[in-house]
Amino acid sequence: MSPAAPLTGRVVAEHRLDSDPRVRAALFAAGAILTYGLSLFTPAAHTPAAWIAVFFAALVLPLITSVVLPEAIVRNRLLGLFLLTLIGNIAFILLLLRLAPHYALGAGTYLIPPALAALTLTTLVGPRAGALLVVLVGLAEFFLLKADHRYLVASVTTGLGAVILSRHIYRRSDLLKAGAGIGLVALFSTVLGAGLSFTVTWEVIFAEAISAAAIGLFGAIIIGALLPILESIFDRTTDLSWLELMSLDRPILRRLALEASGTYLHSVLVGHLAESAATASGVANPRACRAMALFHDIGKLKNPEYFTENFSTGSPDPHTNLPPSMSALIILSHVKDGVALARQHHLPRRIREAIREHHGRGLVWYFYQRALQQEKDARSGGKILRLREEDIPEVEESSFRYAGPNPQSPETAILSLADSAESASRALEKPVPGDAAKLVDQLFHDREKEGYWSECGLTSPQWQAARKALADGVENLLRPRIRYPKDRRGSKKADHPVDQPSKTASPEPGLSSS
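As the structure is a computational prediction, the values presented were derived from the model and not from experiment. Counting starts from 1 at the beginning of each chain's written sequence and moves along it residue by residue. Totals for whole chains, interfaces and linings use every residue, but because this is a predicted model, local features are given only for residues with pLDDT of at least 70 and side-chain atom pairs only at 80 or more, for both listing and counting. Side-chain numbers come from the whole structure's heavy atoms, not from hydrogens or water.

Asks: Hey, could you run me through the overall build of the protein chain in this one?
Replies: Numbering of helices and strands starts at the N terminus; helices are DSSP runs of H or I of at least 4 residues and strands are runs of E of at least 2. The helix and strand tally for the protein chain stands at 20 helices and zero strands. Looking at the protein chain as a whole, 46% of its 514 residues are labelled buried. Contacts in the protein chain between residues far apart in sequence, at least 24 positions, make up 78% of those at least 6 positions apart. Accessible surface is estimated by sampling points in the Shrake-Rupley manner with a 1.4 Å probe; for residues, cover comes only from the protein chains shown. About 27,600 Å² of surface is accessible on the protein chain, with carbon and sulfur atoms providing 62% of the total. Per-residue accessibility, obtained with a 1.4 Å probe over protein chains only, is compared with the maximum for each type, and a residue is labelled buried under 20%, exposed over 50%, and partly exposed between these values. Between two residues, a contact is recorded if the distance between any of their heavy atoms is within 4.5 Å.

Asks: What am I meant to see in a nonpolar patch on the surface here?
Replies: Each patch is built from residues lacking any salt bridge and having more than 30% relative accessible area; the joining distance is 9 Å for like charges and 5 Å for nonpolar side chains (Val, Leu, Ile, Met, Phe, Trp, Tyr). When a carboxyl oxygen of Asp or Glu lies within 4 Å of a side-chain nitrogen of Lys or Arg, that pair is called a salt bridge. Together, Phe-218, Ile-222, Leu-226, Ile-229 and Ile-233 make up a nonpolar patch on the protein surface, roughly 470 Å² of accessible area in all. Mapped onto the elements of the fold, Ile-222 is located in helix H10 (residues 202-234).

Asks: Is there a simple way to explain the packing of aromatic side chains in this structure?
Replies: For any two aromatic rings, the description comes down to two numbers: the centre-to-centre distance and the angle of the planes. Stacked, tilted and edge-to-face pairs are distinguished by plane angle, under 30 degrees for stacked and over 60 for edge-to-face with tilted covering the rest, among Phe, Tyr and Trp rings (Trp via its six-membered ring) whose centres lie within 6.5 Å. Throughout the structure, instances matching the rule amount to nine aromatic pairs. Both rings, one in Trp-365 and one in Tyr-368, keep their centres 6.3 Å apart while their planes meet at 55°; by these two values the pair is tilted. Highlighted residues: Trp-365 and Tyr-368, both in helix H17 (residues 365-384), separated by three residues, approximately one helical turn. Considering the side-chain rings of Tyr-452 and Trp-453, the 4.7 Å spacing of their centres and the 85° angle between planes classify their relative orientation as edge-to-face.

Asks: Whenever I open this one, unusual backbone geometry confuses me. Can you help?
Replies: Peptide bonds are, in most cases, trans, and in most cases residues other than glycine have a negative phi. Omega for the bond connecting Gly-404 with Pro-405 falls within 30 degrees of zero, at 10°, which places this linkage in the cis form. Looking at the element boundaries, Pro-405 is found in the loop between H17 and helix H18 (410-425). One non-glycine residue with positive phi stands out, namely Asp-235, at about 60°. For Asp-235, a relative accessible area of 16% gives the class buried. Even without being glycine, Lys-430 reaches a positive phi, approximately 45°.

Asks: Sorry, what's going on with the packing of helix H2 (residues 21-39) against helix H3 (residues 48-68) here?
Replies: How two helices sit against one another is set out by the angle between their axes and by the gap between those axes. Two elements in contact, H2 and H3, have axes whose closest approach is 8 Å; the angle formed by their N-to-C orientations is 150°. As summarised for this structure, H2 and H3 are arranged roughly antiparallel, according to the angle between their axes. Considering the relative orientation of H2 and H3, their crossing is right-handed. Each of Phe-28, Gly-31, Ala-32, Thr-35, Tyr-36 and Ser-39 in H2 lies in contact with H3, whose residues at this interface are Ala-50, Trp-51, Ala-53, Val-54, Ala-57, Ala-58, Leu-61, Pro-62 and Thr-65. The class makeup of the residues in the contact of H2 with H3 is 11 nonpolar, four polar and no charged. Note on geometry: axes are C-alpha line fits, over the in-contact stretch for helices, and angles between N-to-C directions span 0 to 180 degrees. An angle below 35 degrees is read as roughly parallel, one above 145 as roughly antiparallel, one from 65 to 115 as roughly perpendicular, and any other as oblique. Two helices that cross are described as forming a left-handed crossing if the nearer one is turned anticlockwise from the farther one by less than a right angle, and a right-handed crossing if clockwise. Note on residue classes: Ala, Val, Leu, Ile, Met, Phe, Trp, Tyr, Cys and Pro are nonpolar, Asp, Glu, Lys and Arg are charged, and everything else, Gly too, is polar.

Asks: Teacher, can you tell me more about the pattern of salt bridges here?
Replies: Think of it this way: side chains of opposite charge can pair up when their charged atoms draw near. Applying the stated criterion across every chain yields a total of 22 salt bridges. A salt bridge links Glu-397 to Arg-401, with the nearest nitrogen and oxygen atoms 2.9 Å apart. Measuring nitrogen to oxygen at the nearest pair gives 3.3 Å for the salt bridge that ties Lys-468 to Asp-472. With a gap of four residues between them, Lys-468 and Asp-472 both fall in helix H20 (residues 460-478), about one helical turn apart. Judged by relative accessible area, which is 39%, Asp-472 ranks as partly exposed.

Asks: Hey, could you run me through the environment of Val-23 in this one?
Replies: Turning to its location among the elements, Val-23 is positioned in helix H2. Given a relative accessible area of 25%, Val-23 falls into the partly exposed group. As for Val-23 and Gly-80, which are separated by 57 residues in sequence, their C-alpha atoms are 9.9 Å apart. Residues contacting Val-23, with those up to four places away along its chain left out, are Leu-17 and Asn-76.

If you want it as structure tokens, here you go:
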């Protein structure tokens, strides 16, 4: 599972309610009320422990969440997912305890469902969210349920095992393996909590192992079916979804390949560059970077002929007869058009963020310089014609800047640099080894002076590793191919040994031509 993006800067929330502090306060208040309501069904009912639990949920939990899971403090849907999973977990344990006197429930029955909740949170949010859930459920079991030390050891061990097993869920089959593994961890932790003091036969232990693995496997199947629904409701994107988004058979990508083939090829190359740079950084999600790159320029589908990578050889430049302001407007609009297309094709929020942020608040430099030159020429001509200064409009830089915001996550920052590096490398004339590294460093430092990377969350060592991998990738793209020799077999001059037939390769009798 990809880690949550570091929250070092402003996180753009597309829906006002998703970042409204009043909604956040209401969620924590509701969590505190539900905690008190559940405590009435525990051995701690009407004791100071119940009020301590309410105080903890209302005041301490927000502080812990802001440190361990900071994204939840600015995304109310993520906070709602976490609180719902936590409260639901405690409620489910209470339900199992109510059923215990009437049904013969194995050890796995008590331990595996909470562990599956940790698996779900780890897959949807990240390992920090799963580990926090395990710790908080353990505290609730200790203070409210008065559980003994053996059960607590088994519960925490199984939960942390679920977090570890679900850190790398890339395929649906990985979910099934994790579910079966959780069942076996639950059995092992039960034996460990009992201090290896067996009072049952090995046949019973074997039956418990099969039962625990089956419960875990069945739970993983249910979670796999629910994941797409949970992703949609709570606005999350898992590694499973990133891999599905990387499929080139999606309708919008097929359309891009047909209508803007240059942009399509550029997007594929940027995806490979961004993926390798993200892997080298050790922080950014490589699968997210590659998927984001495939869709980052889909807005160019509206006017593909106005972007240089789609120019036909010998065709006139469509910008020749346009004023710079109009050309810049067309270039700038591909971001807005891309977000609209992403919504139309139900692409995830992270893809829409990548489309918005891959140019940040950057300047359309080429047309801005053309506009300044035209203004200068107009003022020079105006002096001859005796025009007043105020009659010649000034060029406003803001009209040539993207709306932004600047990259807010490691993935969109790496995508932005890879996008610029791939485009700029096309303009290098007769590149030599080392030019790619110089180009990447120049692009990076030029933007760094403007504070372009200040909100993405990447440190200097991480950037250095990502830039080196990116430079190596661009170097590979620029590497010249060998020149193949001409086919001289049809030439009359056949005095070179390469062109002479082998003396030992004489035709067999009866097969020679007459």
